Amino acid sequence: MQKISLFLGLFLMSFLVWAQEFPMDYTFGEKYNDRYKYSNLLTIAEDGTGGTILVRAYYTGLILRPKGYVIEHYNKEMQLLSEYNYKFKGPEFVDGYLKNGQLYLLFLEYNIEEGTYEYWAHRSPLDPFSFTREKLVSFASDPVNSPLDKNYYNRNFNSGFTTTVLFSEDKNGFVISTHYKKGKNNRHDIFLFTASLKRVLYQDFSDEVEEKNYAFERMAVSNDMSNVYIIGKAYFKKKRFTALERKFQYELIQLNAQGIKTQNFDTPGKYSESLTPILNQGNLICIGFYADRKDNRYNGLAYFKLDPVSLAVKSRKYNPFSEQFMMDKFGQEYDKEVKNLVFKNVAVTPDNSILFNAEEYFVTNSVQANSSGGRLRVERFHHNDIVSAKLDEEGNMVWARNINKSEVTQGDGDYASYSAFTKDGNTYFFISTAADNPQVLNKERIIFKQGLSRNRNVFVIQLNKEGKMSYEKIIDSKEARLPLKVSNPLKDETNGKMLFYAKRGNKKQLVNVAIE
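Residues numbered from 1 in each chain as written. Predicted model: local features only at pLDDT ≥ 70, side-chain atom pairs only at ≥ 80, totals over all residues. Heavy atoms only, no water.

Student: What is the right way to look at the overall build of the protein chain in this model?
Tutor: Across its full length, the protein chain holds two helices and 38 strands. The C-alpha atoms of the protein chain give 24 Å as radius of gyration, which agrees with the globular expectation for 516 residues (24 Å, within 12%). By its C-alpha atoms, the protein chain is 90 × 55 × 55 Å across when sized along the principal axes. Of all 516 residues assigned to the protein chain, the portion counted as buried reaches 53%. Across the protein chain, the fraction of contacts at a sequence separation of at least 24, relative to all contacts at a separation of at least 6, is 50%. Per element, the accessible surface of the protein chain, about 25100 Å² overall, is 48% carbon and sulfur. Computed over 69 positive and 62 negative side-chain charges, the separation of the two mean positions in the protein chain equals 5 Å. (Helix = DSSP H or I, 4+ residues; strand = E, 2+ residues; numbered from the N terminus. Rg over C-alpha atoms; globule rule 2.2 N^0.38 Å. Buried < 20%, exposed > 50% of the residue type's maximum accessible area, 1.4 Å probe, protein only. Contact = heavy atoms within 4.5 Å. Areas by Shrake-Rupley, 256 points an atom, 1.4 Å probe, with all protein chains shown as cover. Lys, Arg positive; Asp, Glu negative; His and termini not counted. Charge placed at Lys NZ, Arg CZ, Asp CG, Glu CD.)

Student: Could you clarify how one ought to interpret the pattern of salt bridges in this entry?
Tutor: When charged atoms on two side chains of opposite charge get close, those side chains can pair. Summed over the entire model, instances satisfying the criterion amount to 23 salt bridges. Residue Glu83 is joined to Arg35 by a salt bridge in which the shortest nitrogen-to-oxygen separation is 3.9 Å. One end of the pair, Glu83, is in strand E6 (residues 80–86); the other, Arg35, is in the loop between strand E2 (32–33) and strand E3 (38–46), and 48 residues separate them in sequence. By relative accessible area, which is 65% here, Arg35 ends up exposed. With a closest N to O distance of 3.2 Å, Asp476 and Lys473 form a salt bridge. The class for Lys473 is partly exposed, based on a relative accessible area of 27%. What you see here is one network of salt bridges that share partners, running through Asp34, Arg35, Arg56, Glu72, Glu83, Lys503 and Lys508. (Salt bridge = Lys/Arg side-chain N within 4 Å of Asp/Glu carboxyl O.)

Student: Help me understand the sheet that holds strand E30 (residues 419–423) in this model?
Tutor: Strand pairing in a sheet relies on backbone hydrogen bonds. The paired strands run either parallel or antiparallel. In space, the four strands of this open sheet follow the order E30-E31-E34-E35, with antiparallel pairing throughout. The sheet terminates laterally at E30 and strand E35 (469–475), the two strands that pair on one side only. Neighbour-to-neighbour, the strand axes of this sheet turn through a mean angle of 25 degrees, independent of strand direction. Pairing of strand E31 (residues 426–433) with strand E34 (residues 457–463), which is carried by seven bridges, proceeds in the antiparallel orientation. Residue pairing in the sheet places Thr427 in a bridge with Leu463 of E34. (Pairing = 2+ DSSP bridges. Axes fitted to C-alpha atoms, helices over the stretch in contact; angles between N-to-C directions.)

Student: When you look at the sheet that holds strand E7 (residues 92–99) in this model, what are you seeing that I'm missing?
Tutor: The antiparallel open sheet is built from four strands, whose spatial order is E7-E8-E9-E10. Edge strands, defined here as strands with exactly one partner in the open sheet, are E7 and strand E10 (132–140). With strand direction ignored, the average angle separating the axes of adjacent strands in the sheet is 20 degrees. Bridge count for strand E8 (residues 102–111) against strand E9 (residues 116–125) is 10 bridges, and the pairing is antiparallel. Bridge pairing in E9 places Phe107 opposite Trp120.

Student: So what exactly am I meant to see when it comes to the environment of Thr43 here?
Tutor: Here Thr43 shows up in strand E3. With a relative accessible area of 5%, Thr43 lands in the buried category. Note: C-alpha distance between Thr43 and Lys423 (380 residues apart in sequence) is 24 Å. In this structure Thr43 touches Ile53, Leu54, Val55, Phe93, Asp95, Gly96 and Tyr97, once residues within four positions along its chain are discounted. There is a polar contact of 3.4 Å between the side chain of Thr43 and the backbone oxygen of Gly96. (Polar contact = N/O pair within 3.5 Å; in protein donor to acceptor, adjacent residues only side chain to side chain.)

Student: Would you mind going over the pairing of strand E12 (residues 173–182) with me for this structure?
Tutor: With eight of 10 residues buried, E12 lies mostly within the body of the structure. Two strands pair when backbone bridges link them, and strand E11 (residues 161–167) and E12 are joined in this way by seven bridges, in the antiparallel orientation. Within E12, the residue paired with Leu166 across the bridge is Val175. Connecting E11 to the next strand, E12, in antiparallel fashion are five residues, including Lys171 with a positive phi near 60 degrees. In this sheet, strand E13 (residues 185–194) lies alongside E12 in antiparallel orientation, the contact comprising 10 bridges. Bridge pairing in E13 places Val175 opposite Leu192.

Student: Help me out: how do you make sense of the packing of aromatic side chains in this one?
Tutor: Two descriptors summarise a pair of aromatic rings, namely the distance from one centre to the other and the angle between the planes of the rings. Taken as a whole and judged by the stated rule, the model has 39 aromatic pairs. Considering the side-chain rings of Phe139 and Tyr180, the 5.8 Å spacing of their centres and the 50 degrees angle between planes classify their relative orientation as tilted. One end of the pair, Phe139, is in strand E10; the other, Tyr180, is in strand E12, and 41 residues separate them in sequence. Note on accessibility: Phe139 and Tyr180 belong to one class, buried. Ring geometry for Phe174 against Phe193: centres 5.4 Å apart, planes inclined by 15 degrees, an arrangement best described as stacked. Of the two residues, Phe174 is situated in strand E12 and Phe193 in strand E13; the sequence distance between them amounts to 19 residues. Phe193 gets classed as buried once you look at its relative accessible area, which sits at 2%. (Phe/Tyr/Trp six-rings, centres within 6.5 Å; stacked < 30°, edge-to-face > 60°.)

Student: Explain unusual backbone geometry here, please?
Tutor: Peptide bonds are, in most cases, trans, and in most cases residues other than glycine have a negative phi. For the bond running from Asp127 to Pro128, omega is -5 degrees, close enough to zero to count as cis. Inspection of the secondary structure assignment puts Pro128 in the loop between E9 and E10. Notably, Met225 is not glycine yet its phi reads approximately 65 degrees, a positive angle. For Met225, the position within the fold is in the loop between strand E15 (212–221) and strand E16 (228–236). The phi dihedral of Gln281 is positive, around 50 degrees, even though this residue is not glycine. Secondary-structure assignment places Gln281 in the loop between strand E19 (271–280) and strand E20 (283–291).

If you want it as structure tokens, here you go:
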């Protein structure tokens, strides 16, 4: 009995030590009835007084169609203060944000009478809601399918009109890019706006698209809004490629009042992928992945430090994936390929180390029979493994880890994927899964599978400063009766808090997670 008691005591002590690795507390807000059964969360933002604003698009009808936008205002105790139904439909929603006590909703609209695509900003104070409209950009074009369509691996430049909107990380500014090609008319324009809708920069980018088409992906802007840096894929027009060979190169574009500068990063045997720009302490850094062949596999992480004025590359580092990373992802199967990685977020620590996170993301299509005997094309979105890496101030890899995860969705992706939060050099990944526990293969190699239950558990995976992995179920499905929209939270990095929106059917609530 003494031996058994000693064993149980040691076991409980080890459990307590494990629990202390996750100093987290969570609070459920009140459950509310929701008359908008079918909706998508579009925007979640802090209202300036500790409260929260949420914007959802809602759908009604026998065949679900968008009918408008519901705006919810919660106080800091997660109590619902007000709800406003903005009955506006038709134009395509682009993004929304909150600045200086004003809610901004950005739309792309086609004006049939004028034959133009138009960007409109709808602006309203929070109390009471009263929207006014302002036209930002107008461009003549015939109507096209999916002008805002975003695909990480291929872009369609032959439809006539394509457009992209990119926001800075803090939503202090955004870029509108419009590209129109028909016959000999090949025009590309780029506009930079402040969050208050002031246009501060315009550049005619048409000369740059004579030989390449640009698919912009991410941007960074200087504090004074005088320089904007855009990363994107430059697709070559007049080159021949094999079926598996990449048809593009990543380029950095700098725009300011003096003109346009471009920089590419590829060198013989090193081809960049999924880059993102960072402005930090006067330095311009681009970080992402690289391949050693012109195909769709990745071989490691790339780091470039540039002069923010001339765009000259001051240093470059190529860090191949470590043995630990390959073991995390594939076990003993070393002949597998790493591919389909998409940038998610990046954080810079006080010692200027960089924590870089990505996700294995791809889309598949299939044809299946519907209830009436016809054939239906189904598109599935796969949110798989989490990739995380730490680079030191000089761009050298400290560690890289892979968290095995398998999720697929046909509709609202907010319940899938993950969100990441960095505090004190530790990175916490929040995932929502119907599985009760991950599958533990060996040591720290774990696999989270989607599961079949309607109810979902919330797990947190921690990577500490040394890259050591641990995990814990922080919210059980018996407590969280409503699934969390885990990939779209409100982050309060100053106070170490994450606010999640939970919803199923006609019930909704907020869930606050505090990282001590």
